[in-house]
Amino acid sequence: MHELTVSPWASLAYLVAGVCFILALRGLSSPASSQRGNRFGIIGMTIAVVTTLVTHVPLRSVAVPPGNPHDLMIDWVTVGEILAAIGVGAAIGLVTARRIAMTAMPQLVAAFHSLVGLAAVLVGVAAYLNPQAFGISDLVVPMIGQPFAVIHPVSRIELGLGVAIGAITFSGSVIAFLKLNGNMGGKPIMLPGRHVINLALLAGILGLIAYFVTEQAPWVFWTIAILSFVIGFLLIVPIGGADMPVVVSMLNSYSGWAAAAMGFTLHNSAMIITGALVGSSGAILSYIMCRAMNRSFISVIAGGFGAVADTSGGGTAIDRPWKRGSAEDAAFLMSQAEQVIIVPGYGMAVAQAQHVLREMGDKLKAEGVRVKYAIHPVAGRMPGHMNVLLAEANVPYDDVFELEDINSEFAQTDVAFVIGANDVTNPAAKTDKTSPIYGMPVLDVEKAKTVLFIKRSMGGVGYAGVDNDLFYRDNTMMLLADAKKMVEDIVKALD
Amino acid sequence: MDFIAILSIFVLACFVGYFVVWAVTPALHTPLMAVTNAISSVIIVGALIAAAAAGIGAGSGVAKALGLVAVVLASVNIFGGFAVTARMLAMYKKKERPVAPASSK
């Protein structure tokens, strides 16, 4: 059996790289250790890349007069090509990272996932076309005809899985990107019979991978790839725009499993460790998101949620009375308060209001008001998105609290200031069994003495298609305006 | 390494991943996604092997070209991923403590 001999030093180096990646994630347990953790990640990646370059120096045979053994020399052209490729990628990556707006982070992450997925597919195809280079095959030299490589059966499974998962990650992430970036409508697109189609495709892919073990035919391999691209697309298209936090986490997980599958194929511990870390990370984030929405993962992936709904419990057009307020009212109420809790949501991101919001917070603090921020786990389009936006606006992170930590404080708070969040503040989730959001953990904003709610207009419902009971309560004052403009007016009124 | 050995590494790494990721504070979930994306680009190792390999058979030229493309894609992710993570992490600041009064000379 021809095995690619890997020097023990290289194996050790890959192990060290894997450990560095573990330390990188460990650093994220608190902002204080996080930047050091990121540096470990960079060190680990450098070790992995340098080890590979050093142990796989491109060589070429030099033609020598017949009868002499071939000589092998370093193929500098290929070395140059590889370094150029790294350089081009580095340039694109660094410029993008420097320029991207924090509000565009969800779509950037989706776009990056698609690159990993595609890279996994390309590496899989390369391994299929040149398996000898990866040490996953035996060369068969027939009496007549060209020598050909027979890929080891186990490697065929690993390769098939790697390509399939990579392709799903790629096409799924592209759709997620288009939805998050607004190029594609957030409404779920539902094909008739889509569950049957998806299950059939999945069965087909798995069946073909099994068949590939017995029959190393090109059509089997290419069909696996094509079907996987298709199912990735079909899986994500029916999922509504605001369920994207779960989708992006899920694709994050898949990109990890794709890397792990390639790691199995190449017997590379760095890739296997990394794949396990990333796969687990995405899976855990998906679980956290689903738990925070009180919906099962299956129901999110099955799609169809978030359609501009027909009727939910009590969705008839009865005009319920509500109170309207002005910026001056809001400024007065808050400046008199002992504690104000600000509840930001996706709407704040869309309006780019995080900077003026912090200004408002600063002015209130200057008047002796205690200002805290309450974040619901699924606020925004990505886990932790609100936290990043607030950090960007220079809100100190010890003023920012997660749902579990701050929910009990609303009852002792004078003012709850809701900006851009909707379903996560709806008390119907606790009381109305017919509501689609029943059972979802929500922020207890209605327990505050006064609730100020910023919304562009009274028409229009939140993502779940339900009207928010919060609007019609006695202690709620609606501030109807663009979020950024309203906060700017409040800042002026606080002067 | 034989299959059981790499399977063992994989299983143990999954456990490590489970515990390490649950310890990540929710405030840093977005940088977590960014950095896990960056490290998953360790697939560049496979891409480099493909790009550097001399080949037997008709497919090897294509394999090399695909390997180079994969190197570009993975490099975008590596440099972009770590850079954007660093940028985000630098934004997280604690409340400024009141500065202790400087002793007069």
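Residues numbered from 1 in each chain as written. Chains lettered and ligands numbered in written order. Predicted model: local features only at pLDDT ≥ 70, side-chain atom pairs only at ≥ 80, totals over all residues. Heavy atoms only, no water.

- As recorded by an unreviewed UniProt entry, chain B carries the name proton-translocating NAD(P)(+) transhydrogenase and is attributed to Sphingomonas aurantiaca.
- In UniProt, chain B has this text filed under Subcellular location (unreviewed entry): "Cell inner membrane".
- UniProt, in the comment section headed Catalytic activity (unreviewed entry), describes chain B in these words: "NAD(+) + NADPH + H(+)(in) = NADH + NADP(+) + H(+)(out)". (UniProt positions renumbered as here; feature names shortened; annotations may be inferred.)

1. Here's the deal with the overall build of chain B
Reasoning step 1: If you tally the helices and strands in chain B, you get four helices and zero strands.
Reasoning step 2: Beginning at the N terminus, the succession of helices and strands in chain B can be written as α-α-α-α.
Reasoning step 3: Taking contacts inside chain B between residues at least 6 apart in sequence as the whole, the part at least 24 apart equals 71%. (Helix = DSSP H or I, 4+ residues; strand = E, 2+ residues; numbered from the N terminus. Contact = heavy atoms within 4.5 Å.)

2. Considerations on the confidence of the model for chain A
Reasoning step 1: Per-chain confidence: chain A averages 88 in pLDDT, with 92% of residues scoring 70 or above.
Reasoning step 2: Ignoring residues within four places in sequence, the model shows residues 307-317 of chain A, a span with pLDDT below 50, making eight contacts including any to other chains. (pLDDT = per-residue confidence, 0-100.)

3. Points about the side chain of Ser255 of chain A
Reasoning step 1: Following the sequence through the fold, Ser255 of chain A ends up in helix H9 (residues 244-266).
Reasoning step 2: Those residues within four positions of Ser255 of chain A in sequence are excluded, and the remaining contacts are His113, Val116, Thr169 and Val278 of chain A together with Ser40 of chain B.

4. A few points about the interface of chain A and chain B
Reasoning step 1: Counting residues at the interface gives 103 residues for chain A and 81 residues for chain B.
Reasoning step 2: Buried surface at the junction of chain A and chain B, summed over both partners, amounts to about 8100 Å²; 78% is from carbon and sulfur atoms.
Reasoning step 3: Here Lys64 of chain B and Glu81 of chain A are joined by a salt bridge, their closest N and O atoms 3.4 Å apart.
Reasoning step 4: Between the two partners, chain A and chain B, sit 17 residue pairs in polar contact (both at pLDDT 80 or more).
Reasoning step 5: The dominant element in the side of chain A that touches chain B, judged by the number of residues it contributes, is helix H10 (residues 269-293) of chain A, at 16 residues.
Reasoning step 6: Grouping the amino acids of the side of chain A that touches chain B by side-chain chemistry returns 66 nonpolar, 27 polar and ten charged. (Buried area = accessible area lost by both parts, 1.4 Å probe. Salt bridge = Lys/Arg side-chain N within 4 Å of Asp/Glu carboxyl O. Polar contact = N/O pair within 3.5 Å; in protein donor to acceptor, adjacent residues only side chain to side chain. Nonpolar A, V, L, I, M, F, W, Y, C, P; charged D, E, K, R; others polar.)

5. Section: a nonpolar patch on the surface
Reasoning step 1: Together, Val154 and Tyr287 of chain A together with Phe3, Ile4, Leu7, Val11, Phe15, Tyr18, Phe19 and Trp22 of chain B make up a nonpolar patch on the protein surface, roughly 980 Å² of accessible area in all.
Reasoning step 2: Among the elements that take part in the nonpolar patch, helix H1 (residues 3-22) of chain B stands out by supplying eight residues, more than any other.
Reasoning step 3: In this structure Val11 of chain B comes out as partly exposed when scored by relative accessible area, which is 37%. (Patch = residues over 30% accessible without salt bridge, like charges linked within 9 Å, V, L, I, M, F, W, Y side chains within 5 Å. Areas by Shrake-Rupley, 256 points an atom, 1.4 Å probe, with all protein chains shown as cover. Buried < 20%, exposed > 50% of the residue type's maximum accessible area, 1.4 Å probe, protein only.)

6. Regarding the pairing of strand E9 (residues 415-419) of chain A
Residue and element names in this part refer to chain A.
Reasoning step 1: In terms of burial, E9 is largely enclosed, as five of its five residues are buried.
Reasoning step 2: Taking every second residue as pointing to the same face, both faces of E9 are buried, with Val415, Phe417 and Ile419 on one and Ala416 and Val418 on the other.
Reasoning step 3: Pairing of strand E6 (residues 339-344) with E9, which is carried by five bridges, proceeds in the parallel orientation. Paired with Val343 across the bridge in E9 is Val418.
Reasoning step 4: Bridge analysis of E9 against strand E10 (residues 450-455) gives five bridges, and the strand direction is parallel. Bridging across to E10, Phe417 finds its partner in Leu452. (Pairing = 2+ DSSP bridges.)

7. Some points on the nonpolar core
Side chains of a nonpolar character, in soluble globular proteins, are inclined to be buried together.
Reasoning step 1: In terms of nonpolar packing, the biggest core is built from 196 residues, with Met360, Phe417, Ile419 and Ile490 of chain A touching the most fellow members.
Reasoning step 2: Not counting residues up to four positions away in its chain, the partners in contact with Phe417 of chain A are Met334, Val340, Ile341, Ile342, Val343, Leu357, Met360, Leu452, Ile454, Leu479, Val487 and Ile490 of chain A. (Core = buried A, V, L, I, M, F, W, Y, C linked by side-chain atoms within 4.5 Å.)

8. Some details on the sheet that holds E9 of chain A
Residues and elements named next belong to chain A.
Reasoning step 1: Strand order in the open sheet formed by seven strands is E5-E11-E10-E9-E6-E7-E8, and the pairing between neighbours is parallel. The outermost strands of the open sheet, each flanked by one partner alone, are strand E5 (323-324) and strand E8 (400-402).
Reasoning step 2: With respect to the sheet, helix H12 (residues 327-335) is in contact with E6, E9, E10 and strand E11 (476-480), its orientation differing from that of E10 by roughly 145°.
Reasoning step 3: Helix H18 (residues 483-494) contacts E9, E10 and E11 of the sheet and is inclined by roughly 145° relative to E9. (Axes fitted to C-alpha atoms, helices over the stretch in contact; angles between N-to-C directions.)

9. Considerations on the pattern of salt bridges
Residue and element names in this part refer to chain A.
Reasoning step 1: Inspection of every chain in the model, using the stated rule, returns 14 salt bridges over all chains.
Reasoning step 2: For the salt bridge of Arg295 with Asp243, the shortest nitrogen-to-oxygen distance reads 2.9 Å. Separated by 52 residues along the polypeptide, Arg295 in the loop between H10 and helix H11 (297-302) and Asp243 in the loop between helix H8 (218-236) and H9 bring together distant segments of the chain. Take Arg295 and Asp243: they sit in the same class, and that class is buried.
Reasoning step 3: Note that Lys492 is salt-bridged to Asp489, the shortest N-O span being 3.5 Å. Here Lys492 and its partner Asp489 are both found in helix H18, three residues apart, which amounts to about one turn of the helix.
Reasoning step 4: Assessed through its relative accessible area of 59%, Lys492 is described here as exposed.

10. What about helix H6 (residues 153-180) of chain A?
Reasoning step 1: Here H6 of chain A spans 40 Å end to end across 28 residues, near enough to the 40 Å set by a 1.5 Å rise per residue.
Reasoning step 2: At the C-terminal side of H6 of chain A, Gly182 of chain A shows a positive phi close to 85°. (Expected span 1.5 Å × (residues − 1).)

11. Here we look at the confidence of the model for chain B
All names here are of chain B.
Reasoning step 1: Per-chain confidence: chain B averages 87 in pLDDT, with 85% of residues scoring 70 or above.
Reasoning step 2: When mean pLDDT is taken per element in chain B, helix H2 (residues 29-40) scores highest with 95 and helix H3 (residues 44-52) scores lowest with 92.
Reasoning step 3: The complex model carries a pTM of 0.88, and its ipTM stands at 0.90.

12. Notes on the packing of helix H1 (residues 8-26) of chain A against H10 of chain A
Residue and element names in this part refer to chain A.
Reasoning step 1: Here H1 crosses H10 at 20°, and the two axes come no closer than 7 Å. Taken together, the axis directions place H1 and H10 in an arrangement best described as roughly parallel. H10 is crossed by H1, and the crossing has right-handed handedness. Seen from H1, the contacting residues are Ser11, Tyr14, Leu15, Ala17, Gly18, Phe21, Ile22 and Leu25; seen from H10, they are Ser269, Ala270, Ile273, Thr274 and Leu277. (Parallel < 35°, antiparallel > 145°, perpendicular 65-115°, else oblique. Left-handed = near helix turned anticlockwise from the far one by under 90°.)

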